[in-house]
Amino acid sequence: MKSESLLRLRLAGLLLAFGAFAACEDDPTAPETDLLAPRVQNDSIIGLQEPIRVVFDQAVDPQTALDPENFVVVNLCTGLRVPGALRLAGDTLIFSPSTSLPFLTPLAVRIQNILTPLGAALRVPLTFRLRTRNPEVSDVSWATLNSPTNDPGTGINFVNRNVGFLTTITGSVFRTTDGGQTFAARFKDPNLNNTRDIRAVSLDTAYMIGTPNLGTGSFAAFFRTTDSARTFARLYTEGGAQFRALRVYEPAGRKPVMLAFGNSGRLSVWRLDEQTGVTTRFGPVPFTTLAEIAIGNGGDLAPNGVRAVAVGLGPRAGGGAFGVIFTSADSGKSFTRFTGLPRVYPQFLGAGFANNNEAFVMGDTSTVLRVNLATGAVTELGAANGIPQTERDTTSNLTTRYFFRRIAFAPNNPQIGWMTGYLERGNFKRGVILQTRNGGALWTRQAVRGTPDNGLGFPPLGEFLFGDIQSLSNDFAVLTGSDGFVAARKADQVVTTALCSFTP
């Protein structure tokens, strides 16, 4: 009797289970059993605050989709979760970071526990990785040196990779013997200021230009040290003059020849021959025409000491200024006005030779020209050559302008060179470094390792005609600028930023 009752109960259970199964098969309102199939909509590299989008092949339950614990984004540089907000747009689930992420930041994303309105789930959690984009400038080949001062640097020159000299606008001279790791104070004269440039020819001997205080009026002078900048002797002085740039050339078997570019009221160039002790002057540029009322800003002497170029500005009849160039083919003994410019340019701030015949002339508002002094050919460089151009921000209504003043090519490889300057946006200014590896046809921007704003936040290089750059070789270059900024590039290789380089 007990066995029969037990059999009936089992049979009833089987019938009930079958009925339930049959009911599920026949019930059109039963939940779908198809699994969710999500797809990542982003590329593998995203913007710094770009939303992360995941598309589902069917509708999802908003309650599970918008649960923060079901969409987790982790910064793999810090190991911390990225804060953000979730929203659902149709079949797309969107995660928006609350703040901008650093460049080159890898992210790990995990999506889990999301259901459809009928209860279908993910087969397994969706996991994937992304990273934020590269910075605008990825080459951080430059590194800061230990500056000894906050005064604007005006001249820097190394004899070799270890020994170098640094001047400031206030008349101080510093010397390093360890490649710029430390600079020792060597010279300071309270009666000397406006020291613009220094050029060394040996471990002990260097030449400098500056403004001595000799009573009333303005003076400019050449100086020479023969004891590694402990003392300086005045070689030549002229009243009513101002020197802005110095170049030194050593002819074989003779003492150096120096050119100082500046003004004696108007554009002038001084030539001091140490062999003869004779100083001659070109200029001031005469007042014969309005176009020749020129103010000198700088210049350069070719590597072989034959050609020279002096640049500056002349006043426009209706106001403003335009660039002027004067050239020499006799080692700076005489100059003539260069008249081959294809159009009127803003003022020129500096110049530098790439080789014995070709000079780059640089200046206001992204002006960069390549001038062949042998043929007279002029090539204007622009955005296609990598020269940053004027930009206007429609949001802030501010305009960014670029100014270039100094340039230096590697003596052992003139295909490699650097150009320095600064950008100006309202009252905001900072330095700019460009490099070429093909003789000046194409330029790319470089950053300085360890400085703010992803390596671009260093002081201006060339503001108020401060700053200097020198290249000893393709694998050694140094520069200085405002606020005592000093930096060097000590290897001929591109040093690129790596993942997590910009973690705050």
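Everything numeric here is computed off the predicted structure, so don't read it as measured data. Numbers given for residues are sequential positions, taken from 1 along each chain in its written order. For this predicted model, a pLDDT threshold of at least 70 governs which residues receive local features, and a threshold of 80 or more governs which side-chain atom pairs are given and counted, while totals over whole chains, interfaces and linings are taken from all residues. Only hydrogens and water are set aside; all other atoms, that is, all heavy atoms of the structure, feed into the side-chain values.

## Comments concerning the environment of leucine 104
Next, step 1: Only DSSP runs of H or I covering at least 4 residues are called helices, and only runs of E covering at least 2 are called strands; the numbering of each starts at the N terminus. Position of leucine 104 relative to the elements: it lies in the loop between strand S7 (92-97) and strand S8 (106-111).
Next, step 2: Each C-alpha atom, one on leucine 104 and one on isoleucine 46, is 9.7 Å from the other, the two residues being 58 residues apart in sequence.
Next, step 3: Between two residues, a contact is recorded if the distance between any of their heavy atoms is within 4.5 Å. If near-sequence neighbours (up to four positions away) are discounted, leucine 104 is found in contact with Cys77, Arg131, Thr132, Arg133, Asn134, Pro135, Thr497, Ala498, Leu499, Cys500 and Phe502.

## Details of the pairing of strand S6 (residues 84-89)
In regular strands, side chains alternate between the two faces of the sheet.
Next, step 1: In this scheme, strands are said to pair when DSSP sees at least two bridges between them. By the bridge criterion, six bridges tie S6 to S7 in an arrangement that is antiparallel. Looking at S7, one finds that arginine 87 is bridged to isoleucine 94.
Next, step 2: From the end of S6 to the start of S7, which pair antiparallel, there are two residues, and glycine 90 there has a positive phi angle of about 65°.

## A look at the sheet that holds strand S31 (residues 391-393)
Strands in a sheet are paired, the pairing made by backbone hydrogen bonds, and the direction either parallel or antiparallel.
Next, step 1: The strand order across the open sheet built from five strands is S31-S32-S33-S34-S35, with neighbouring strands paired in antiparallel fashion. The open sheet has two edge strands with one neighbour each: S31 and strand S35 (443-446). For this sheet, the mean angle separating the axes of adjacent strands, direction not counted, is 30°.
Next, step 2: Bridging between strand S33 (residues 413-425) and strand S34 (residues 428-436) involves nine bridges; their strand directions are antiparallel. Each residue of the ladder has a partner; that of tryptophan 418, found in S34, is glutamine 435. Orientation is described by axes fitted as lines to C-alpha atoms, over the contacting stretch for helices, and by angles from 0 to 180 degrees between their N-to-C directions.

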